[in-house]
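# Examining the three-dimensional arrangement
These are the residues of each chain, in order.
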Amino acid sequence: MLVVETVAKIRRAYFVQGKAIKAICRELRVSRKVVRKVLRSEATEFRYHRDEQPLRRIGPCQDELDRLLAATRRSPAVSG
């Protein structure tokens, strides 16, 4: 995610200070692809929104885990 401050720093370094893209990348620790994207775009903020979170590790076992969780909820609490 690029915030407004980073976008402003990139544009200021390129257009006002005349720095090269590679120098901006080193200084701000962003990729050349990101710097080019900011310079070509008029947007002031870039966000990535994921519609669905993938469950890579739990995905194959999710049905079994849901079944076990439901069974645990139904069982009476054991006091000891």
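It should be emphasised that the depicted structure is a prediction, and the values quoted were computed from it without experimental measurement. (Residues numbered from 1 in each chain as written. Predicted model: local features only at pLDDT ≥ 70, side-chain atom pairs only at ≥ 80, totals over all residues. Heavy atoms only, no water.)

To continue, consider a nonpolar patch on the surface. A cluster of nonpolar side chains, namely Leu 55, Ile 58, Leu 65 and Leu 68, defines an oily patch on the protein surface of about 340 Å² accessible area. Locating Leu 68 in the fold gives a position in helix H4 (residues 62-74). Among the residues examined, Leu 68 registers a relative accessible area of 40% and is labelled partly exposed. (Patch = residues over 30% accessible without salt bridge, like charges linked within 9 Å, V, L, I, M, F, W, Y side chains within 5 Å. Areas by Shrake-Rupley, 256 points an atom, 1.4 Å probe, with all protein chains shown as cover. Salt bridge = Lys/Arg side-chain N within 4 Å of Asp/Glu carboxyl O. Helix = DSSP H or I, 4+ residues; strand = E, 2+ residues; numbered from the N terminus. Buried < 20%, exposed > 50% of the residue type's maximum accessible area, 1.4 Å probe, protein only.)

Bringing helix H1 (residues 4-16) into the picture now. An ideal rise of 1.5 Å per residue puts 18 Å on 13 residues; H1 measures up with 17 Å between its terminal C-alpha atoms. Listed in full, the buried residues belonging to H1 are Val 7, Ile 10 and Ala 13. Along the long axis of H1, the arc covered by the buried residues comes to 135°, so they all point the same way. Exposed residues pointing more than 90 degrees away from the buried face of H1 are listed as Glu 5, Phe 15 and Val 16. Elements in contact with the buried residues of H1: helix H2 (21-28) and helix H3 (32-40). (Expected span 1.5 Å × (residues − 1). Arc of directions from axis to C-beta. Contact = heavy atoms within 4.5 Å.)

Attention shifts here to the packing of H1 against H2. Where H1 contacts H2, the two axes come as close as 10 Å, and the packing angle between them is 145°. The crossing of H1 and H2 is right-handed. Taking contact as the criterion, the partners of Lys 9, Ile 10, Ala 13 and Tyr 14 in H1 are, on H2, Ile 21, Ile 24 and Leu 28. The residue inventory of the contact of H1 with H2, partitioned by class, reads six nonpolar, no polar and one charged. (Axes fitted to C-alpha atoms, helices over the stretch in contact; angles between N-to-C directions. Left-handed = near helix turned anticlockwise from the far one by under 90°. Nonpolar A, V, L, I, M, F, W, Y, C, P; charged D, E, K, R; others polar.)

This next bit is on the confidence of the model for the chain. Per-residue pLDDT for the chain averages 88, and the proportion of residues at 70 or more is 96%. When pLDDT is averaged over each element of the chain, H2 comes out on top at 97 and H4 at the bottom at 89. (pLDDT = per-residue confidence, 0-100.)

Turning next to the pattern of salt bridges. Here the structure, examined in full by the defined rule, presents two salt bridges. The salt bridge involving Lys 19 is made with Glu 27; its shortest N-O contact spans 2.5 Å. Note that Glu 64 is salt-bridged to Arg 67, the shortest N-O span being 2.5 Å. Taken together, the positions of Glu 64 and Arg 67, both in helix H4 and three residues apart, correspond to about one turn of that helix. A relative accessible area of 40% means that Glu 64 is categorised as partly exposed.

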